[in-house]
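The residues making up each chain are set out below.
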Amino acid sequence: MRFVTIPLLFLTFMASPPARAQELTIGLAAPLSGDFRLLGQQWANGARAAAQGGTARLAEADSACTEEGGAAAARQLAAANASVVIGFLCTPAIEAAMPILKEAGIPVITPVRTNSLTDQKDRTGWPVFRLGPRADDESEAVAAILVPLWRREFFAIVDDGTIHGRELAETLRAEAELAKLEPVLVDTFRPQLDNQIGLVGRLRRAGATRVFVGGDRSDIAIMARDAEGLGYQVTFAGGEALRAEDGPVPLPAGVLMVGLPRWQDLATPEANAVLDEAGILPEGYVLPGFAAFQIAETASQEAAQAGLPVADALSRLSFGTGIGEIRFDEKGDLAGNLYRLFRYDGEQFVEAD
């Protein structure tokens, strides 16, 4: 199970300092134009703020979230002698860039979730380090959190028939089976209906007091409304799709969510102060971009001092950043799962005890 707590572990290189300081260049590749430019600008704004007053120069390239843009950005940043590249917010761009950057010996820090970027490292040799969740972190967290929480409960598992909803439901069911637990009902429902009376009736007859729903916020809200109308006491839970706007039926208080904390909720006071001084709101990709630059700068400095490849520093060190302590595992994924359990209080999701 990959759901672990990140240890606060610091490793240092033993080496003599260089005779003179060498200017470092951190490359930034992001969609600075096109349909995804808002996300790219958020990432870039965070990195620019982190770079202020630092020792490394930031070189920027527009990846455009396309294969052509990713390859062009990689060539541009390799020519700029970047020690690390941060960004590539889209899978096509980073997959096109990595052969070029691997050849140049330049590692990449990226928030892209695609599992194969790190899972196939033994075959590709791509020096990728993921600053964010993997594509399968959500389903693993759902199982790791809910199975022990519901061990003594009568629980059911339902999904909306989509690939994502079914993956969440199936991972939970499989983990429950390994723990020798059996749901009272496993079912698939038709999403986006005006009511879910039939499903809620089946759940009540099965005796379920806890229900995990592999579906979106509007469907879960409708189920909760219909259960209340029947006088049926039940707790619904879902994945990160719950962090969305209300539909015609509001989500009631008490619904559980296995989801990601907002980056701004992880921000350190120091990071908030820097962003506030720069007039940058800590929204979207701003804080991950901020942290990525900090990691890249520290790893580059330590590698230069020790005379080692930057990828080695990224693999071995623990980094203090604007979103907390970060460490990568042997594949380049985060050494821990960011997903947590939240409870809706009627206005927002609050981390559950």
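Just so you know, these numbers come straight off a predicted model, no measurement behind them.

### Concerning the sheet that holds strand β6 (residues 155-159)
- Taken in spatial order, the seven strands of this open sheet run β7-β6-β8-β9-β10-β13-β14, and their pairing is mixed. The sheet is open, and its two borders are formed by β7 (185-188) and β14 (349-351), each paired with just one other strand. Sheet twist, expressed as the mean angle between neighbouring strand axes with direction ignored, is 25 degrees.
- Sheet topology note: the strand β13 (residues 340-344)/β14 ladder contains three bridges and is antiparallel. Each bridged residue has a counterpart across the sheet, and for R343 the counterpart in β14 is V350.
- Lying on the sheet, helix α7 (residues 163-178) is in contact with β6, β7 and β8 (210-214); it crosses β6 at an angle near 150 degrees.
- Each of β6, β7, β8 and β9 (235-238) touches helix α8 (residues 197-206); the most contacted strand, β7, lies at about 170 degrees to it.

### Structural notes on the packing of aromatic side chains
- All told, the structure shown has four aromatic pairs when counted by the stated rule.
- Measuring from ring centre to ring centre gives 6.2 Å for W150 and F155, while their planes differ by 35 degrees; the resulting arrangement is tilted. Considered together, W150 and F155 belong to a single accessibility category, that of buried residues.
- The residue whose ring lies beneath R217 is Y344, and the NZ or CZ to ring-centre distance is 5.1 Å.
- Between R243 and the ring centre of F342, over which it is positioned, the NZ or CZ distance is 5.3 Å.

### What about the sheet that holds strand β1 (residues 24-30)?
- The strand order β2-β1-β3-β4-β5 describes an open sheet built from five strands, whose pairing is parallel. Pairing within the sheet leaves two strands with one partner each, and these edge strands are β2 (56-62) and β5 (128-130). Within this sheet the neighbouring strands show an average axis-to-axis angle of 25 degrees, counted without direction.
- Bridge analysis of strand β3 (residues 84-87) against strand β4 (residues 108-110) gives two bridges, and the strand direction is parallel. Across the sheet, I86 pairs through a bridge with I109, a residue of β4.

### Focus: the confidence of the model for the protein chain
- On average, residues of the protein chain score 93 in pLDDT, and 94% of them reach the 70 mark or higher.
- Here residues 1-21 is modelled with pLDDT under 50, and outside its nearest four sequence neighbours on either side it reaches 41 contacts, counting other chains as well.

### A closer look at the packing of α8 against helix α9 (residues 217-229)
- In the contact formed by α8 and α9, the axes pass within 9 Å of each other and the chain directions differ by 60 degrees. Relative to α9, α8 is oriented so that their crossing is right-handed. Touching I197, L199 and V200 of α8 are M223, D226 and A227, all from α9.

### A few points about the side chain of D159
- Mapped onto the secondary structure, D159 falls in strand β6.
- In this structure the side chain of D159 is engaged in a polar contact, spanning 2.8 Å, whose partner is the backbone nitrogen of G161.
- A polar contact is formed between the side chain of D159 and the side chain of T188, at a distance of 3.5 Å.

### What to know about the nonpolar core
- Membership of the largest hydrophobic core comes to 64 residues, with the highest contact counts inside it found for I86, I109, L131, L146, F212, F293 and L314.
- The element that contributes the greatest number of residues to this core is helix α12 (residues 286-306), accounting for ten residues.
- In this structure F293 touches I26, A47, A50, A51, A56, L58 and I86, once residues within four positions along its chain are discounted.
- Among the nonpolar cores identified, the runner-up in size contains 27 residues, and I220, A224, Y232 and L251 belong to it.

Calculation notes
- Residues numbered from 1 in each chain as written.
- Predicted model: local features only at pLDDT ≥ 70, side-chain atom pairs only at ≥ 80, totals over all residues.
- Heavy atoms only, no water.
- Pairing = 2+ DSSP bridges.
- Helix = DSSP H or I, 4+ residues; strand = E, 2+ residues; numbered from the N terminus.
- Axes fitted to C-alpha atoms, helices over the stretch in contact; angles between N-to-C directions.
- Contact = heavy atoms within 4.5 Å.
- Phe/Tyr/Trp six-rings, centres within 6.5 Å; stacked < 30°, edge-to-face > 60°.
- Buried < 20%, exposed > 50% of the residue type's maximum accessible area, 1.4 Å probe, protein only.
- Lys NZ or Arg CZ within 6 Å of the ring centre and 35° of its normal.
- pLDDT = per-residue confidence, 0-100.
- Left-handed = near helix turned anticlockwise from the far one by under 90°.
- Polar contact = N/O pair within 3.5 Å; in protein donor to acceptor, adjacent residues only side chain to side chain.
- Core = buried A, V, L, I, M, F, W, Y, C linked by side-chain atoms within 4.5 Å.

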